[in-house]
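# Geometric and topological summary
Residues per chain are reported as follows:
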Amino acid sequence: MRNMKKRKYLSRVFVFVLVFSLLCGEASAEVMAKGSKTNTIKSVSLRIGNKKVTKKTYQMKQGEKKKLKVSVSPEKGKKSIKFTTGNAEVAKISKSGTITAGRVGTAKIKVTVKAGKSQKTTWMKVRVTKSSGADKNTPDAGQPQDPVANRKSIVVYFSCTDNTRKIAEYIKDCAAADIYRIEPSVPYTSGDLNYGNDDSRTSREQNDATARPGLAGSLPDLTDYEIVYLGYPIWWGEAPKIMYTFVESCNLSGKTVIPFCTSASSGIGTSAANLQAADTSGAKWLTGKRFSGSSPKSDVESWVSGLGLS
């Protein structure tokens, strides 16, 4: 009889312990789920002052400083924020998010937010223009003063995959020139650049003689420049149609235009001649040069020095 009562008692204790363990397990799982949910980053937005910053280009004047504020959803939970810039000479950014505009040009700023194992990245572009109060006879900060610089050169280029950007920056260094990146009002996606698709955006544009893709931001003031290096990738054997938009929108009168291009195998072909034909300003166009995306800086330096501009 006693043994039977003892077994019943032990059975009840076992059932109680089992139920208690299950309830604790569910509660712990719920807490973990809530914690995991709290640490998952849903969105990251950027703001300068009261203005929300999108992935469109944000303009700053040389020497300007702007504080980039980052908003993260959800707000609760420990997070780390890292700022990086693609071109510190154009736009430098501190660990706290203060952007300092340097020389004329365009820079991509990336913001990475981490919360536990969750990570989210967003970015913005900064275009730096000359300060209205700057002395026009004074070279931009950081630019060497040599005979070519005194002739006021600028490198204007368009690049989607950054192959042309690399060559453009080599020319900027070798010629001690300013630099300006042509940006489309509607950025090109990887699908847009699919040359194997006859219906891709670039395929349609390159097959349309009247296509003139829009430009983002304001055009550079070329008034004080004597030499314009004009760079672009080769698309379907020709310059991208956005280059025609630029040439037809800018006054190149009195300038010396030096075209250059990048391609995997195609030469410069008739691309420069066709751009020159679209220029109604009567500018002087020199013979262009084709580079591969992997061309070393020494090749670019030899070409620039061989132009005899100094």
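Residues numbered from 1 in each chain as written. Predicted model: local features only at pLDDT ≥ 70, side-chain atom pairs only at ≥ 80, totals over all residues. Heavy atoms only, no water.

The subject of this paragraph is the environment of K52. Among the secondary structure elements, K52 is positioned in strand β2 (residues 51–53). It is 9.4 Å that separates the C-alpha atoms of K52 and K69, two residues lying 17 residues apart in sequence. Excluding its chain neighbours within four sequence positions, the residues that come into contact with K52 are S45, L46 and R47. (Helix = DSSP H or I, 4+ residues; strand = E, 2+ residues; numbered from the N terminus. Contact = heavy atoms within 4.5 Å.)

Let us now look at the nonpolar core. Formed by 29 residues in total, the largest nonpolar core has its most connected members in L230, Y232 and L275. Counting residues per element, the ones that place at least two in this core are β10 (153–158), β11 (178–182), β12 (227–233), α5 (241–249), β13 (256–262) and α6 (271–278). With 5 residues, α5 is the single largest residue contributor to this core. Residue contacts for L230: discarding those within four places in its chain leaves V156, M243, F246, V247, V257, I258, P259, F260, L275 and W285. With 23 residues, the next largest nonpolar core counts L46, A101, V113 and A115 among its residues. (Core = buried A, V, L, I, M, F, W, Y, C linked by side-chain atoms within 4.5 Å. Buried < 20%, exposed > 50% of the residue type's maximum accessible area, 1.4 Å probe, protein only.)

Before going further, it helps to examine the sheet that holds strand β3 (residues 57–61). Taken in spatial order, the 4 strands of this open sheet run β3-β9-β8-β5, and their pairing is mixed. Edge positions in the open sheet fall to β3 and β5 (80–85), since each of these has one partner strand only. In this sheet, neighbouring strand axes are inclined to one another by 30° on average, regardless of whether the strands run parallel or antiparallel. Where strand β8 (residues 105–115) and strand β9 (residues 118–129) come together, 11 bridges link them in antiparallel fashion. Bridged to G105 within β9 is V128. (Pairing = 2+ DSSP bridges. Axes fitted to C-alpha atoms, helices over the stretch in contact; angles between N-to-C directions.)

As a packed pair, α5 and α6 sit with axes 9 Å apart at the nearest point and diverge in direction by 35°. For α5 against α6, the interelement crossing comes out right-handed. Contact residues: M243, Y244, V247 and E248 in α5; N274, L275 and A278 in α6. Considered class by class, the residues forming the contact of α5 with α6 number 5 nonpolar, 1 polar and 1 charged. (Left-handed = near helix turned anticlockwise from the far one by under 90°. Nonpolar A, V, L, I, M, F, W, Y, C, P; charged D, E, K, R; others polar.)

Scanning the model with the defined rule gives 6 aromatic pairs in all. Seen in terms of ring centroids, Y188 and W235 are 5.5 Å apart; in terms of plane orientation they differ by 75°. Their pairing is edge-to-face. In this pair, Y188 is assigned in the loop between β11 and α4 (201–206) and W235 in the loop between β12 and α5, connecting sequence segments 47 residues apart. Like W235, Y188 is buried. Seen in terms of ring centroids, W235 and W236 are 6.4 Å apart; in terms of plane orientation they differ by 85°. Their pairing is edge-to-face. A relative accessible area of 38% places W236 in the partly exposed class. Each residue in the set F158, Y188, W235 and W236 is aromatic and connected to the rest through ring pairs, giving one cluster. Its guanidinium or amino end placed over the ring of Y188, R201 lies 3.7 Å from that ring's centre, counting from NZ or CZ. In this structure, K289 packs its charged tip against the face of F291, placed 5.8 Å from the ring centre. (Phe/Tyr/Trp six-rings, centres within 6.5 Å; stacked < 30°, edge-to-face > 60°. Lys NZ or Arg CZ within 6 Å of the ring centre and 35° of its normal.)

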